[in-house]
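Breakdown of the fold
The residues making up each chain are set out below.
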Amino acid sequence: MKRVLVTGGAGFIGSHLCKRLVENGDEVICADNLFTGSKKNIEQLMDYHNFEFIRHDVTKELLVEVDQIYNLACPASPVYYQYNPVKTIKTSVLGAINMLGLAKRVKARILQASTSEVYGNPIVHPQPEEYWGNVNPIGIRSCYDEGKRVAETLFFDYHRQNGVDIKVIRIFNTYGPNMNPNDGRVVSNFIVQALKGEDITIYGDGSQTRSFCYVDDLVEGMYRMMNSRDGFTGPVNLGNPGEFTMLELAHKVIALTGSKSKLLYMPLPQDDPTQRKPVIDLAKKELDWEPKIALDEGLRFTIDYFNKII
Ligand code: NAD
Ligand code: UDP
């Protein structure tokens, strides 16, 4: 049995990870300020003796005795991370410093939930871990992208300078139950709009691509990375290499929900990446991991979830 801290544990991905760890029998502490997460996501875990919730902001220090730390705290939806951009970058940077400081003190292994956004609007396609990215340092997405890039830098400097046992994953677009129906991300927007019979909002001409990973696949990859061999730090891409345009996604959602919704074209937000697809050879080799759930199947599970809650 391990003592595990999950920051951002009441969010979409964090809540699935906490469930997985609790069911493993680990002693789980979930620390979250509930900015984009909610107690509802973790309410079923509250009954477990090996689960504990602390309302905590990672920009402040936290002292707990743990063996492993998963650092997920950070809003992930463009709408929410742009709501208070200064707070977003503080969360990534001060959050990383505080959690790395804790890992150093208590000699815990620490995993950073980084992102495909470190590749920015990628010129290299698909994206391997060696690619350094194409990121605007002063745009409206920079608070998130550059915050995550600095967090990666801090992880590697604490590793080289202080010997902290780090693991870094770069998560590509992930979806599934427990996404906030109002958080503005594409999968939740399209499904909620389709179920309500509202127009489906396509930003730009809908030709931009993303690669969508179902949350159970991602959590399996995160768990394997945390428990991977000593000395393997990553960064490692975790995502589903299936690549779809937003128009293709909209048509899939309409077909799977049987909706009569029409497409509504809206302006493309500034710096919206035109393409994204992970190379996952490293995850296959080091973690023996690859996603198992195809987009259609994952969308069905997600549609079932939204059908229940809206
Ligand atoms: P989410 O917004 O649902 O979860 C983030 C959680 O962090 C929320 O519970 C929120 O309340 C909490 N949080 C935010 N600021 C905090 C702070 N200052 N202190 C404490 N808690 C704070 O998003 P998610 O999709 O579950 O993402 C989880 C992590 O994975 C994030 O770090 C995100 O950057 C990363 N990620 C997600 C995706 C994706 O597609 N979902 C892709 C790449 C990276
Ligand atoms: N998008 C869209 N309609 C929406 C929400 C998003 O067309 O209602 C597009 C968005 O412009 C982007 C893609 O879908 O090209 C993925 O957006 P999301 O916010 O989910 O994630 P990210 O841009 O961070 O990958």
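That block above? That's the structure.
In what follows, the accompanying structure is described. Since we're looking at a predicted model, the values are computed, not measured. (Residues numbered from 1 in each chain as written. Chains lettered and ligands numbered in written order. Predicted model: local features only at pLDDT ≥ 70, side-chain atom pairs only at ≥ 80, totals over all residues. Heavy atoms only, no water.)

Further remarks concern helix α4 (residues 85-106). Along its 22 residues, α4 runs 31 Å from first to last C-alpha, staying within 8% of the 32 Å computed at 1.5 Å per residue. Among the residues of α4, those classed as buried are Thr-88, Thr-91, Ser-92, Gly-95, Ala-96, Asn-98, Met-99, Leu-100, Gly-101, Leu-102 and Ala-103. Where α4 terminates, the next one or two residues include Lys-107, which has phi positive at roughly 55°. (Helix = DSSP H or I, 4+ residues; strand = E, 2+ residues; numbered from the N terminus. Expected span 1.5 Å × (residues − 1). Buried < 20%, exposed > 50% of the residue type's maximum accessible area, 1.4 Å probe, protein only.)

Attention shifts here to the nonpolar core. Within the largest apolar cluster, 58 residues are counted, with the highest numbers of intra-cluster contacts made by Phe-51, Tyr-70, Met-222 and Leu-249. Beyond its immediate chain neighbours, meaning those up to four positions away, Phe-51 contacts Cys-18, Val-22, Val-28, Cys-30, Ile-42, Leu-45 and Met-46. (Core = buried A, V, L, I, M, F, W, Y, C linked by side-chain atoms within 4.5 Å. Contact = heavy atoms within 4.5 Å.)

In the vicinity of ligand 1, 30 residues are found, and the nearest of them are Asp-32, Thr-36, Leu-72, Tyr-144 and Lys-148. Within the backbone of Gly-11, one N or O atom sits 3.0 Å away from an oxygen atom of ligand 1. At 2.8 Å, a side-chain N or O of Arg-185 approaches a nitrogen atom of ligand 1. Within the complex, the protein chains bury 96% of what would otherwise be the 810 Å² of accessible surface of ligand 1. Looking at the shell around ligand 1, the elements with two or more residues in it are α1 (12-24), α4, β5 (109-115) and α5 (142-162). Looking at the shell around ligand 1 element by element, the count peaks at 3 residues for β5. Of the residues in the shell around ligand 1, the class split is 14 nonpolar, 11 polar and 5 charged. (Near = heavy atom within 4 Å. Polar contact = N/O pair within 3.5 Å; in protein donor to acceptor, adjacent residues only side chain to side chain. Areas by Shrake-Rupley, 256 points an atom, 1.4 Å probe, with all protein chains shown as cover. Nonpolar A, V, L, I, M, F, W, Y, C, P; charged D, E, K, R; others polar.)

Remark: a regular strand shows side chains that alternate across the two faces of the sheet. Burial runs high along β5: 7 of the 7 residues are buried. Side chains of β5 alternate between two faces, with Arg-109, Leu-111, Ala-113 and Thr-115 and Ile-110, Gln-112 and Ser-114 buried alike. Here strand β4 (residues 68-71) runs beside β5; their pairing, made up of 4 bridges, is parallel. Note that in β5 the partner of Gln-68 across the bridge is Arg-109. Sheet topology places β5 next to strand β6 (residues 166-171); 6 bridges connect them, and they run parallel. Residue pairing in the sheet places Gln-112 in a bridge with Val-168 of β6. Taking the sense of rotation as the criterion, the β-α-β connection linking β5, α5 and β6 turns out right-handed. (Pairing = 2+ DSSP bridges. Right-handed = clockwise from strand over helix to strand, strands pointing away.)

Along the chain, the position of Arg-210 falls in strand β9 (residues 209-211). Each C-alpha atom of the pair Arg-210 and Gln-275 lies 6.1 Å from the other, and the pair is 65 residues apart in sequence. When residues no more than four places from it in sequence are discounted, the contact partners of Arg-210 are Asn-173, Gly-242, Glu-243, Phe-244, Met-246, Asp-272, Pro-273 and Arg-276. Within polar-contact distance, the side chain of Arg-210 engages the backbone oxygen of Pro-273 at 2.9 Å.

The full count for this structure, using the stated rule, is 9 aromatic pairs. Measuring from centroid to centroid gives 4.4 Å for Tyr-81 and Tyr-144, while their planes differ by 5°, and the two rings are stacked. Of this pair, Tyr-81 sits in helix α3 (residues 78-81) while Tyr-144 sits in helix α5, and the two are 63 residues apart along the sequence. Pair check on accessibility: Tyr-81 and Tyr-144 agree, each one buried. (Phe/Tyr/Trp six-rings, centres within 6.5 Å; stacked < 30°, edge-to-face > 60°.)

The next point concerns a nonpolar patch on the surface. On the surface, a cluster of nonpolar side chains totalling about 310 Å² of accessible area is made up of Tyr-203, Leu-264, Met-266 and Leu-268. In this structure, Leu-268 sits in the loop between β13 (263-266) and α9 (281-287). Given a relative accessible area of 43%, Leu-268 falls into the partly exposed group. (Patch = residues over 30% accessible without salt bridge, like charges linked within 9 Å, V, L, I, M, F, W, Y side chains within 5 Å. Salt bridge = Lys/Arg side-chain N within 4 Å of Asp/Glu carboxyl O.)

The next thing to look at is the packing of helix α6 (residues 186-196) against helix α10 (residues 295-309). One way to put it is that α6 packs onto α10 with a least axis distance of 10 Å and a crossing angle of 60°. The angle between α6 and α10 falls in the class oblique. Where α6 crosses over α10, the handedness of that crossing is right-handed. Residues Val-187, Ser-188, Ile-191, Val-192 and Leu-195 of α6 form the contact with α10, whose own contacting residues are Leu-299, Thr-302, Ile-303, Phe-306 and Asn-307. (Axes fitted to C-alpha atoms, helices over the stretch in contact; angles between N-to-C directions. Parallel < 35°, antiparallel > 145°, perpendicular 65-115°, else oblique. Left-handed = near helix turned anticlockwise from the far one by under 90°.)

As a further point, take the packing of α6 against helix α8 (residues 246-257). Two numbers describe how α6 lies on α8: the axes approach to 10 Å, and their chain directions differ by 40°. Taken together, the axes of α6 and α8 are oblique relative to one another. In this structure, α6 crosses over α8, and the sense of that crossing is right-handed. Packed against α6, whose contacting residues are Val-186, Val-187, Phe-190, Ile-191, Ala-194 and Leu-195, the element α8 presents Met-246, Leu-249, Ala-250, Val-253 and Thr-257 at the interface. Per-class residue counts for the contact of α6 with α8 are 10 nonpolar, 1 polar and no charged.

Our focus in this paragraph is the pattern of salt bridges. According to the stated counting rule, one finds 19 salt bridges in the structure shown. Across the pair Arg-170 and Glu-152 runs a salt bridge, and its minimum N-O distance is 2.7 Å. One end of the pair, Arg-170, is in strand β6; the other, Glu-152, is in helix α5, and 18 residues separate them in sequence. Of the charged contacts, one joins Arg-224 and Glu-220 as a salt bridge, the two residues approaching to 2.7 Å between their closest N and O atoms. Residue Arg-224 and its partner Glu-220 are both found in helix α7 (residues 215-226); the two are separated by 4 residues, about one turn of the helix. Classification of Arg-224 by relative accessible area gives partly exposed; the value is 30%. We classify Glu-220 as partly exposed; its relative accessible area is 24%. A single salt-bridge network, built from bridges that share partners, covers Arg-20, Glu-220 and Arg-224.

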